[in-house]
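Structure assessment
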Amino acid sequence: WPPGNGISIQDTGDRITGGAAQGTFVYIFESRHLHKLTFSVGPLTDGGVFMVASRGCVSHRCCVVTDDALYMLDELGIYSFSQRQVEPLSQQIQSLFRPASDSDIKINWKRKEFFFAVLDRQQEVIRWFVCLDGSRYPRHAIALHIRTNRCWIEPHPLQIGGACVGEMDGLPQVFYAGQHAKVFAAWTGTLDIANPDISSVRGAATGSS
């Protein structure tokens, strides 16, 4: 795409937060709107940008592209977009997204620049890492099973700054970027990010009190 080929989009008073390609289209995100870009010959010759939904995305890091749909997080919740259809998916935990809710935990949108999502294809789960407390980076993930549309919240014992999908032992593996230059393989090995090789047993519990 030549850098001089600029295209304007509909002025909604919103701000652009990112974009993603899915199928033969490019989608442009705003905070509260979703636009679709399509062209055949060239973006300036026959290109067009159309608003397709009154939902947006926090950033390009909070969008997961699958073969069937886009899965995104905005300030109204989690939703999927496919074939001009918006499907809300976070009804089970919607109190997180209501500022006036009586819930003890709410999303800290002041830290939204650090939010991100990652798809675990083996588990068929998308996790959006968000801040639900005063930490700078996310310590919680909103998980969505994309086959059943079931949502839940996962806490983590340390702050996670990012994630990517790689390979380990010949299989796809999700890696988390932790504190102090440590990288963790998700759902692999010792639970609770404890390493028995660098720690010691200091005592044994004798009672529940």
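Residues numbered from 1 in each chain as written. Predicted model: local features only at pLDDT ≥ 70, side-chain atom pairs only at ≥ 80, totals over all residues. Heavy atoms only, no water.

1. Observations concerning the side chain of Ser80
Summarising the element assignment, Ser80 is placed in strand E7 (residues 77-82). What makes Ser80 buried here is its relative accessible area of 7%. (Helix = DSSP H or I, 4+ residues; strand = E, 2+ residues; numbered from the N terminus. Buried < 20%, exposed > 50% of the residue type's maximum accessible area, 1.4 Å probe, protein only.)

2. A closer look at the nonpolar core
Counting residues in hydrophobic clusters, the biggest one holds 37 residues, and the most contacted among them are Tyr71, Met72, Leu73, Ile107, Trp128 and Ile142. Every element with two or more residues in this core is listed here: strand E2 (25-30), strand E4 (48-53), strand E5 (63-65), strand E6 (70-74), E7, strand E9 (116-120), strand E10 (125-130) and strand E11 (140-145). The biggest single contributor to this core is E6, with four residues. For Tyr71, the contacting residues outside a window of four places in its chain are Cys62, Cys63, Val64, Thr66, Tyr79, Ser80, Leu89, Ile126, Trp128, Leu144 and Ile146. (Core = buried A, V, L, I, M, F, W, Y, C linked by side-chain atoms within 4.5 Å. Contact = heavy atoms within 4.5 Å.)

3. Considerations on unusual backbone geometry
Across the chain, the bulk of peptide bonds are trans and the bulk of non-glycine residues have phi less than zero. A positive phi is found at Ala181, a non-glycine position, where the angle reads about 60°. Here Ala181 lies in the loop between strand E14 (171-177) and strand E15 (183-185). On the basis of relative accessibility, which here comes to 79%, the residue Ala181 falls in the exposed class. Phi is positive for Trp187, which is not a glycine, with a value near 55°. Within the secondary structure, Trp187 is located in the segment after E15.

4. Here's the deal with the pairing of strand E8 (residues 85-88)
As paired strands, E7 and E8 are joined by four bridges and run antiparallel to one another. What sits directly across from Ser80, in E8, is Glu87. (Pairing = 2+ DSSP bridges.)

5. Observations regarding the environment of Asn149
Among the structural elements, Asn149 can be located in the loop between E11 and strand E12 (150-155). The spacing of Asn149 and Ala204 is 55 residues in sequence and 41 Å in space, taken between C-alpha atoms. Once residues within four sequence positions are removed from consideration, Asn149 is found in contact with Glu87, Leu89, Gln92 and Leu144. Of the polar contacts made by the side chain of Asn149, one reaches the side chain of Glu87; its length is 3.3 Å. (Polar contact = N/O pair within 3.5 Å; in protein donor to acceptor, adjacent residues only side chain to side chain.)

6. Things to note about the pattern of salt bridges
Applying the stated rule across the entire model yields six salt bridges. Put simply, Arg147 and Glu124 hold a salt bridge, and the shortest N to O gap is 2.8 Å. In this pair, Arg147 is assigned in the loop between E11 and E12 and Glu124 in the loop between E9 and E10, connecting sequence segments 23 residues apart. The partner of Glu154 in a salt bridge is Arg127, with the nearest N and O atoms 2.7 Å apart. Of this pair, Glu154 sits in strand E12 while Arg127 is found in strand E10, placing the two residues 27 residues apart along the sequence. Residue Glu154 shares its accessibility class with Arg127, and that shared class is buried. (Salt bridge = Lys/Arg side-chain N within 4 Å of Asp/Glu carboxyl O.)

7. With respect to the pairing of E10
Among the six residues in E10, six count as buried, and that is most of the element. Here E10 shows no split at all, with Val125, Arg127 and Phe129 on one side and Ile126, Trp128 and Val130 on the other all buried. In this sheet, E10 lies alongside E9 in antiparallel orientation, the contact comprising five bridges. In the strand pairing of E10, Leu119 is matched with Ile126. Joining the antiparallel neighbours E9 and E10 is a turn of four residues, in which Glu124 adopts a positive phi near 60°. Two elements, E10 and E11, share six bridges in a ladder whose sense is antiparallel.

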